[in-house]
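What follows is each chain in one-letter form.
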Amino acid sequence: MIRRDNIKKGFSLVELMVSMSIFTVIMLIVMGSIITVIESNRKAQQLRLVMDNLNQTMEGMSRLIRFGSNYHCNVASGILSDPQDCFDGNHTLGFKDINGNQVIYRITDNQITKIVGNVTYYITSPEMTIEKLVFFVNGSLIGDNMQPRVTIIVSGYTGTATKRSQFNLQTSVSQRKFDYQ
């Protein structure tokens with residue numbers, strides 16, 4: 001018969017090492033998952049902020065174009081002349097706003113800029129890089145019996161070279177004032 005006084009209670013060193021190893025492996029897996037979720041959340045928040053800025057930019061451009069007139073696709077000299085259609089697209093759009101001011105949209109330093117008179121405004125966030133801005137103009141010619149319409153295509157990305165989020169956006173805007181001539 002074994003006496004209970006001689007039995008030592010507790011864990012052996014091998015049992016402690018095995019349990020600590022299992023606990024460490026489980027914690028590494030859990031921490032890796034938590035870090036991945038945090039990174040995904042950070043990326044989603046950054047993309048949401050950029051898309052909110054881009055949507056606000058596109059809405060502002062659309063509103064100004066909708067109430068404008070005398071649309072041009074090729075504004076190389078910065079001076080607007082007669083309205084001009086642009087079926088092949090161009091990276092610059094010029095027009096007269098509702099107050100008769102000359103407005104030009106284009107890409108400068110990978111950002112969308114708005115030029116009113118001689119003042120240039122950057123209207124997109126510096127966190128995003130605009131790679132492509134193309135304007136198509138239809139129906140701007142006088143007497144063509146078409147309502148003027150501008151189609152805008154924007155593409156670019158946000159983030160670093162290794163963690164990049166691409167975006168592509170397209171919208172069409174019709175002149176609000178009825179073109180009856």
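Everything here concerns the structure above.
Rules of the game
- One numbering rule holds for all chains: residues counted from 1, following each sequence as written.
- A pLDDT threshold of at least 70 governs which residues receive local features in this predicted model, and a stricter bar of 80 or more applies before side-chain atom pairs are shown or counted, although totals over entire chains, interfaces and linings include all residues.
- In computing side-chain properties, one takes all heavy atoms of the structure into account and sets aside hydrogens as well as water.
- Counting from the N terminus, the helices are the DSSP runs of H or I reaching at least four residues and the strands are the DSSP runs of E reaching at least two.
- A 1.4 Å probe rolled over the protein chains alone gives each residue an accessible area, and that area as a share of the maximum for its type sets the label: buried under 20%, exposed over 50%, partly exposed in between.
- We call two residues contacting when some pair of their heavy atoms lies within 4.5 Å.
- Computed by Shrake-Rupley with a 1.4 Å probe, the accessible areas treat only the displayed protein chains as cover when residues are assessed.
- Throughout this description, the term nonpolar core refers to a set of buried Ala, Val, Leu, Ile, Met, Phe, Trp, Tyr and Cys residues connected via side-chain atoms within 4.5 Å.
- Throughout this description, the term salt bridge denotes a Lys or Arg side-chain nitrogen within 4 Å of a carboxyl oxygen of Asp or Glu.
- Ring pairs are drawn from Phe, Tyr and Trp, using the six-membered ring of Trp, whenever the two centres fall within 6.5 Å, and their geometry is named by plane angle: stacked under 30 degrees, edge-to-face over 60, tilted for the rest.

Draft legend 1. Focus on the overall build of the chain. Looking only at helices and strands, the chain features one helix and nine strands. Starting at the N terminus and walking to the C terminus, you meet the elements of the chain as α-β-β-β-β-β-β-β-β-β. Per-residue burial for the chain yields a buried fraction of 32% across its 181 residues. A fraction of 51% describes how many contacts in the chain between residues 6 or more apart in sequence connect residues 24 or more apart. Of the roughly 12,200 Å² of accessible surface on the chain, 57% is carried by carbon and sulfur atoms.

Draft legend 2. Spatial organisation of the nonpolar core. Residues I65, F135, V150, I152, V154 and F167 are the most contacted members of the largest nonpolar core, which totals 24 residues. Looking at this core, the elements that each hand over two or more residues are α1 (13-66), β3 (93-96), β4 (102-108), β7 (128-138), β8 (149-159) and β9 (164-174). No other element matches the six residues that α1 contributes to this core. Apart from the residues within four sequence positions on either side, I152 is in contact with M58, M61, I65, L133, V134, F135, L169, Q170 and T171.

Draft legend 3. Representation of the pattern of salt bridges. Following the criterion strictly, the structure yields three salt bridges and no others. The salt bridge partner of R63 is E59, with a shortest N-O separation of 3.9 Å. Here the residue R63 and the residue E59 both occupy positions in helix α1, the gap between them amounting to four residues, near one helical turn. Residue classification places R63 among the partly exposed positions, given a relative accessible area of 44%. For E59, a relative accessible area of 38% translates into the label partly exposed.

Draft legend 4. Structural context of the packing of aromatic side chains. For the coordinates displayed, the defined rule picks out two aromatic pairs. With a centroid separation of 6.0 Å and 40 degrees between ring planes, the pair formed by Y71 and F95 is classed as tilted. Here Y71 is found in strand β1 (residues 69-72), whereas its partner F95 is found in strand β3, with 24 residues between them in sequence. The class for Y71 is buried, based on a relative accessible area of 2%. Exposure remark for F95: the relative accessible area of 0% places this residue in the buried category. Each residue in the set Y71, F95 and Y105 is aromatic and connected to the rest through ring pairs, giving one cluster.

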